[in-house]
Amino acid sequence: MKGTINFIRHISNMATAEGKKRILYAFANIIIMAIAVGAAIGVKMLWEGIDSGNVNFVAGIVGIILCIALGIFSFLQGFVAQLALVVIAGIGIANPDQRGANVAAFLIAFATSVGLIIAAVILLTKL
């Protein structure tokens, strides 16, 4: 419940932020999405470690469960916030005083969202 409240607060902070601060939010969302990627790599490495016998089975399963939970939470927080920022910055482009910063935030958020979708499609088709 607390995570949901923090997520809603994060979205509302992005909506009320000035244009230049939205650029910082775009990079913060990228970091959150990178944590999700790290968690996915952790799941893969733990699974391979269990399979090869280099990682204790119980410790590996606990690690996989923790990485999956962190990965899902980070992915949803980062990706959904980035999509919200695309909309928020897109609307903010209408303000002539903050147009440049909102365009930059929009492009960063849009490019990373599209990049994440393309990377997910590539990774899922290789499995």
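Numbers given for residues are sequential positions, taken from 1 along each chain in its written order. Owing to the predicted nature of the model, reporting of local features is limited to residues with pLDDT of at least 70; listing and counting of side-chain atom pairs is limited to 80 or more, with chain, interface and lining totals taken over all residues. Only hydrogens and water are set aside when side-chain values are computed; all heavy atoms of the structure are taken into account.

Draft legend 1. Spotlight on a nonpolar patch on the surface. Taken together, Ile 68, Ile 72, Phe 75, Leu 76 and Val 80 make up a surface patch of nonpolar side chains, about 410 Å² in accessible area. Numbering of helices and strands runs from the N terminus, with a helix taken as a DSSP run of H or I at least four residues long and a strand as a DSSP run of E at least two residues long. Checked against the element boundaries, Leu 76 lands in helix H3 (residues 57-92). Assessed through its relative accessible area of 46%, Leu 76 is described here as partly exposed. Only residues whose relative accessible area exceeds 30% and that form no salt bridge enter a patch; like-charged residues are grouped when within 9 Å of one another, and nonpolar side chains (Val, Leu, Ile, Met, Phe, Trp, Tyr) when within 5 Å. For the accessible areas, the method is Shrake-Rupley and the probe is 1.4 Å, while residue cover comes only from the protein chains on display. By definition, a salt bridge exists where a carboxyl oxygen of Asp or Glu is found within 4 Å of a side-chain nitrogen of Lys or Arg. Accessible area is worked out with a 1.4 Å probe on protein chains only. A residue is then buried under 20% of its type maximum, exposed over 50%, and partly exposed in between.

Draft legend 2. Main features of helix H2 (residues 19-52). Here the expected span of a helix is defined as 1.5 Å times the quantity of residues minus one. For H2, with 34 residues, the first-to-last C-alpha span of 50 Å sits near the 50 Å given by 1.5 Å per residue. Considered for burial, the residues of H2 that qualify are Gly 19, Arg 22, Tyr 25, Ala 26, Asn 29, Met 33, Ala 36, Ala 39, Gly 42, Gly 49 and Ile 50. Looking one or two residues beyond H2, the residue adopting positive phi is Gly 53, at roughly 90 degrees.

Draft legend 3. Molecular detail of the packing of H2 against H3. Packing of H2 against H3 brings their axes to within 7 Å, and their N-to-C directions diverge by 155 degrees. As far as their axial angle goes, H3 and H2 are roughly antiparallel. Along this stretch, H2 crosses H3, giving a crossing that reads as left-handed. Three categories are distinguished: nonpolar for Ala, Val, Leu, Ile, Met, Phe, Trp, Tyr, Cys and Pro, charged for Asp, Glu, Lys and Arg, and polar for the others, with Gly belonging to the last. In the contact of H2 with H3, the residues fall into 24 nonpolar, 10 polar and 1 charged. Note on geometry: axes are C-alpha line fits, over the in-contact stretch for helices, and angles between N-to-C directions span 0 to 180 degrees. Here the word oblique covers every angle except those under 35 degrees (roughly parallel), over 145 (roughly antiparallel) and from 65 to 115 (roughly perpendicular). Two helices that cross are described as forming a left-handed crossing if the nearer one is turned anticlockwise from the farther one by less than a right angle, and a right-handed crossing if clockwise.

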